[in-house]
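Chain by chain, the residues run as shown.
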Amino acid sequence: GQTVYVGGLCTVSQRTGERVEAGRKVAFFLRDANNRTVAEQTAVSDEMGTVSVSFTLPAKGLAGRYSVYTEQGAAYFTMEEYKRPTFEVTLEPLADGFRQGDTVRLSGTAMGYNGVPLRQARVTAGTRVLRFLYRASGGGAPAEPLDTVYTDGQGRFTLAVPVQAVDAVYPVWGMRQQVDVAVMSAAGETQTAEALIPLTREKMSLSVFLPGHCVKESLPELKAEVRTAAGREWKDPVTVTADLFRTKEGRAHAKVMSGIALPAGREVRLAELVDLPSGSYELVARAVSGADTVETRSGFVLFSLSDKRPADGMKDWFYCVSDSVTADAPACIQVGSGADSVSLYYQLYCKNELVEEKVCHFSDSVLTFTYTEIPEDADGLYAMFYFVKEGELFTHGQSLVKRKPGKTLRMSWTSFRDKLRPGMEETWKLRVTLPDGKPASAQMMAAMYDASLDGIRSHGWGFRPSFRDVCLPYVNMNMWLRGPRSFYYSAPLRHTSVRGLQFDRFNMPGGIE
C-alpha cells in the first residue's frame, strides 16, 4: 500500500555534445518479485528533461525484490514486512595516542529517534583482527567478546577495548581491529554499530605530500601531516624536520641538505631545489613529539623543462607538461632516453584516424612534442610513443583534450534547519549558481525518506546521470615475454537516434505473418 516515487532524466547524444530532451514519452512498468508487470504509467519529460511517476504498491503483493522498468533501464527496491527502528547507536571517535597492547576506551550513545536516550540498555560487543583488504584473520575465527555494560541516564556507554598485538604489520593494505557493538532496548529491539581500530606500532604517523616528479620551473609545495593512530590530527607539540639525499640505483648515497624545517600542516616550498642538479633524490622526514618519533621517506626526480638529457641517464623518460590545449597555452609532452641509438616510434590519433606517424632517432636526449591546436570537430587527440632497447619494450600514451568551460553547478543552502517537530511545515532554500557565480536557470530533483530505516537497509541514491564531455580515441600496446603481442585501438563513436524501418506484411493462414 505504500507509494513508490520514480524520477529520471532524458538526454540525447549529439555531435556537439549531450543535451537534455524535452517532450519524450516514457513508459514505466512496475514488476513484482516474480517479474510480472502489476502496474504501468506513462509520463512526458518537461523542458529540463526530467520525468517522474509514482506507483502504489499492491496491498497484498508478494514480498521480495521489485523493479520499475523503462526501455532505457531499471531501478530496484525491496518490499517486505518490517518494524521501524526506534533508536540508533552512534560511536565517538577513538581517543588519541595509542599503540598495540594499549587499552582504549570506546564511547557511544544509544538515542531514540524521538530524542529520548535509552537508559539501562544492555550493550554487548566483540572484536576481531582484519587484514588483507579487511578480511577477518585466523580463518574466520569468532570475535572475542568484551565485557557487557549498560547505558547510563543519558544513553551513554563506554567499552574497554584491548588493542591486540599482531606479529606483522601490512603497510600496503593495513591492518584493522574491528569492534562490533550491539545495544538491546527493554522492548527487545537491537541496533548495532561498528568501529575500526588501526593496528600500528607507533602512536602517531607522518605523511609528506611530494609528487614523484618535481619541475624546477614550478616547484611544488611540501606539506607534512602528523596524525594519531586513529587518523586524527596530532594536537601535542611536534617538530618535523627533513634531510635530502642524492640517490643512486634507488639508494641514498650523499646528503645534500639537512635540517629542513617542515611545520606540520603548513605548505612549504623549497626554493633551494632550483640550484641542485637534475636527478633522483630522497627526502627523509621525521616527526618528534616528546618521547615519540616517527620517520617517513619520499623519493622523487628533480629536473628542468630545459634539460636536454634525462635525469641520471634514465633509460626511459616520459613527462606530460600539460595535457590540455587552449588558445593561449599548447599541450606539451617530453619523451626521451639516456641510451644510445634509440628509435622512437610516434603516432598521433584524432577521432578514428591516424593523423601523424614518424620515427625519431636520437641518443641520450629528451624530445619535446608540442600541440597547439585540435581540429574544430574533435574533442582531443591521443599520442602514442614506443621504442625497444636491449630487448625491452617501453610504451607511453597520453590523451590531449580541448579545454572547455566548467559545467559543474554550485549549490549552497541559504535557509535550512535540521531540528523540526512533527507536523511542522518548513521552507528550505537552496541557491544554484553557474561556475562563474551567476544565477543558474536550473531544476532540482530532491527526495526525502525515513532515515531510521537505514538501520534495516542502507539507503542508496542510484541516480547518477552520465554526460560524456569528451570523445577521445584510445591506444594500448601489450608485449609479454611469452605469449601474444597485441596492439589495441578504439575510437568512441557518437550515436544518432533514427526511426526504425517498417514494412508491409501479409497475414498468412495459421497465424503466420
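Nothing here was measured: the structure is a model prediction, and the numbers come from that model.

## Focus: the overall build of the chain
Alright, step 1. Counting secondary structure elements, the chain contains zero helices and 37 strands.
Alright, step 2. Counting only contacts in the chain whose residues sit at least 6 apart along the sequence, the fraction spanning at least 24 positions is 59%.
Alright, step 3. Summed over all atoms, the accessible surface of the chain reaches about 32400 Å², with 49% contributed by carbon and sulfur.

## So, the environment of cysteine 350
Alright, step 1. Within the element layout of this structure, cysteine 350 appears in strand β29 (residues 342-350).
Alright, step 2. Look at cysteine 350 and you get buried, because its relative accessible area is 5%.
Alright, step 3. When the C-alpha positions of cysteine 350 and isoleucine 374 are compared, they lie 8.6 Å apart, and in sequence the two are 24 residues distant.
Alright, step 4. Excluding anything up to four places from it in sequence, cysteine 350 contacts Val355, Pro375, Ala378, Gly380, Leu381 and Pro473.

## Things to note about the sheet that holds strand β15 (residues 156-162)
Alright, step 1. Spatially, β9-β10-β15 is the arrangement adopted by the three strands of the open sheet, whose pairing is antiparallel. Each having just a single partner strand, β9 (87-91) and β15 make up the two edges of the open sheet. The sheet shows a mean angle of 25° between the axes of neighbouring strands, direction not considered.
Alright, step 2. Examined bridge by bridge, strand β10 (residues 103-112) and β15 share seven bridges and lie antiparallel to one another. The residue bridging leucine 106 from the neighbouring strand is leucine 159, located in β15.

## Considerations on the sheet that holds strand β33 (residues 392-402)
Alright, step 1. Strand order across the open sheet formed by five strands is β27-β33-β32-β29-β30, with mixed pairing between neighbours. Only two strands of the sheet have a single partner each, and these edge strands are β27 (324-325) and β30 (353-362).
Alright, step 2. Taken together, the two bridges between β27 and β33 define a ladder with parallel strand orientation. The partner of serine 324 across the bridge, within β33, is valine 401.

## A few points about the pattern of salt bridges
Alright, step 1. A complete count under the given rule lists 17 salt bridges for this structure.
Alright, step 2. Across the salt bridge formed by glutamate 92 and arginine 156, the nearest N and O atoms sit 2.5 Å from each other. Here the residue glutamate 92 occupies a position in the loop between β9 and β10, and arginine 156 occupies one in strand β15, the gap between them amounting to 64 residues.
Alright, step 3. Here glutamate 225 makes a salt bridge to arginine 227, at a shortest N to O gap of 3.3 Å.
Alright, step 4. Of the residues examined, arginine 227 reaches a relative accessible area of 32% and is grouped as partly exposed.
Alright, step 5. Taken together, the shared-partner salt bridges connect Asp243, Lys255, Glu282, Arg286, Glu295 and Arg297 into one network.

## Brief notes about the side chain of glutamate 282
Alright, step 1. Take glutamate 282: it is sitting in strand β24 (residues 279-289).
Alright, step 2. Polar contacts involving the side chain of glutamate 282 include one to the side chain of arginine 297, which spans 3.1 Å.
Alright, step 3. Ignoring any residue separated from it by four or fewer positions in sequence, one finds glutamate 282 in contact with Asp243, Leu244, Phe245, Thr247, Ala252, Arg297, Ser298 and Gly299.

## Overview of the side chain of serine 304
Alright, step 1. Inspection of the secondary structure puts serine 304 in the loop between β25 (292-303) and β26 (317-322).
Alright, step 2. By relative accessible area, serine 304 is classed as buried at 9%.
Alright, step 3. Among the polar contacts listed, one links the side chain of serine 304 to the side chain of serine 306, at a separation of 2.9 Å.
Alright, step 4. Beyond its immediate chain neighbours, meaning those up to four positions away, serine 304 contacts Lys216, Glu217 and Ser278.

## Some details on the packing of aromatic side chains
Alright, step 1. Under the defined criterion, the tally for this structure stands at 11 aromatic pairs.
Alright, step 2. Ring geometry for tyrosine 346 and phenylalanine 369: centres 4.8 Å apart, planes at 35°, overall tilted. Residue tyrosine 346 is located in strand β29, and its partner phenylalanine 369 is located in strand β31 (residues 365-371); the two are separated by 23 residues in the primary sequence. Comparing tyrosine 346 with phenylalanine 369 shows no difference in burial state: the two are buried.

## Here's the deal with the state of the cysteines
Alright, step 1. For the coordinates displayed, the defined rule picks out zero disulfides.
Alright, step 2. Not part of a disulfide, cysteine 320 finds its nearest cysteine sulfur in cysteine 332, a span of 8.0 Å.

## Topic: unusual backbone geometry
Alright, step 1. In this model, glutamine 120 sits at a positive phi of 55°, which is unusual for a non-glycine residue.
Alright, step 2. Tracing the sequence through the fold places glutamine 120 in the loop between β10 and β11 (122-131).
Alright, step 3. In this structure, serine 341 takes a positive phi of about 50° despite not being glycine.
Alright, step 4. If you trace the backbone, serine 341 turns up in the loop between β28 (331-337) and β29.
Alright, step 5. Under the relative-accessibility criterion, serine 341 is labelled exposed at 57%.

What counts and how
- Residues numbered from 1 in each chain as written.
- Predicted model: local features only at pLDDT ≥ 70, side-chain atom pairs only at ≥ 80, totals over all residues.
- Heavy atoms only, no water.
- Helix = DSSP H or I, 4+ residues; strand = E, 2+ residues; numbered from the N terminus.
- Contact = heavy atoms within 4.5 Å.
- Areas by Shrake-Rupley, 256 points an atom, 1.4 Å probe, with all protein chains shown as cover.
- Buried < 20%, exposed > 50% of the residue type's maximum accessible area, 1.4 Å probe, protein only.
- Pairing = 2+ DSSP bridges.
- Axes fitted to C-alpha atoms, helices over the stretch in contact; angles between N-to-C directions.
- Salt bridge = Lys/Arg side-chain N within 4 Å of Asp/Glu carboxyl O.
- Polar contact = N/O pair within 3.5 Å; in protein donor to acceptor, adjacent residues only side chain to side chain.
- Phe/Tyr/Trp six-rings, centres within 6.5 Å; stacked < 30°, edge-to-face > 60°.
- Disulfide = S-S within 2.5 Å.

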